[in-house]
Amino acid sequence: MDENKTVDRQRARGRWKLFAVLLVCASPLLASYFTYYVVKPTGRTNYGTLIDPRAHPIPPMASRTLAQQPTTLDAYKGKWIMLKVGGSDCAQACQDQLFTMRQLRTMQGKEMNRIERVWLITDEAPLETMLLRVNDGTRMLRAPKDVVTQWLPVEPGGDAADHIWLIDPLGNLMMRFPKNPDPTRMKKDIAKLLKASAIG
């Protein structure tokens, strides 16, 4: 009996140690969330709209690469994700979004490698060759339109394809930028988040 109690105590200590390690690793990101959602210092303004990630967890979706290989947004955990969604008939507004994402990543300087650009394509139509070339480096995944639409929160009458979204390194949807955004103001939001978090 004494041996069993000793083993139980050792297991309990091991679990507490593991919990402590996980807490230390996650604390920088938790602190940044606490600052944004709870402390809200006077004078602080966000350009993007903050989203409660608990209300909009990333749903299971049968997404895949353009080469038809199954993959999900979880593949990019550990980095910040700038996300756009929409069909393959990428008109001017869509192309502007992709350009903005490229520019924003470059504008972060030495921090740029902490960011991934992802486009969830919500149909099966082929993409133009020039579009692929210009956006080399953007992760392009095909995903079911109904799942994507139900997941991303928009204002009444809005369209998820009108926005650029931000996902944190733990896989939490956390910010929606306005339609036709100001890249300079977006850059400031992203820079603040990168500075506040040691993760990703």
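Numbers given for residues are sequential positions, taken from 1 along each chain in its written order. A pLDDT threshold of at least 70 governs which residues receive local features in this predicted model, and a stricter bar of 80 or more applies before side-chain atom pairs are shown or counted, although totals over entire chains, interfaces and linings include all residues. The side-chain values count all of the structure's non-hydrogen atoms but skip hydrogen atoms and water molecules.

Caption draft 1: Examining the sheet that holds strand β5 (residues 139–142) more closely. Across the sheet, 7 strands lie side by side as β1-β7-β6-β3-β4-β5-β2; this open sheet has mixed pairing. The open sheet has two free edges, formed respectively by β1 (49–50) and β2 (64–65), since each of these has just one partner strand. Where strand β3 (residues 80–86) and strand β4 (residues 115–121) come together, 7 bridges link them in parallel fashion. Note that in β4 the partner of V85 across the bridge is L120. Criterion used throughout: strands pair if DSSP finds at least two bridges between them. Strands are runs of DSSP state E lasting at least 2 residues, helices are runs of H or I lasting at least 4, and numbering of each runs from the N terminus.

Caption draft 2: Quick peek at the layout of surface pockets. Buriedness of a pocket was judged along seven lines, with at least five required to meet protein on both sides within 12 Å; pockets are open sets of points on a 1 Å grid over the protein atoms alone, cavities are sets where a 1.4 Å probe fits but cannot get out, and lining residues have an atom within 4 Å of a point. Grid points are joined across faces, edges and corners, and a volume is the space filled by probe spheres set on the points. Here the largest pocket defines a volume of roughly 330 Å³. Lining the largest pocket are 18 residues; nearest its centre among them are A93, C94, Q97, A161 and D162. Going through the elements one at a time, β3 and α2 (92–107) are the ones with two or more residues in the lining of the largest pocket. Examining the composition of the lining of the largest pocket, we find that 5 residues originate from one element, α2, more than from any other.

Caption draft 3: Broad picture of the confidence of the model for the protein chain. Every residue is assigned a pLDDT by the predictor, reflecting its confidence on a scale from 0 to 100. Across the protein chain, the average pLDDT comes to 87, with 78% of residues at 70 or higher. pLDDT under 50 marks residues 35–42. Its contacts with residues more than four places away, or in other chains, come to 16 contacts. Contacts are residue-level and defined by heavy atoms, with any inter-residue pair within 4.5 Å sufficient.

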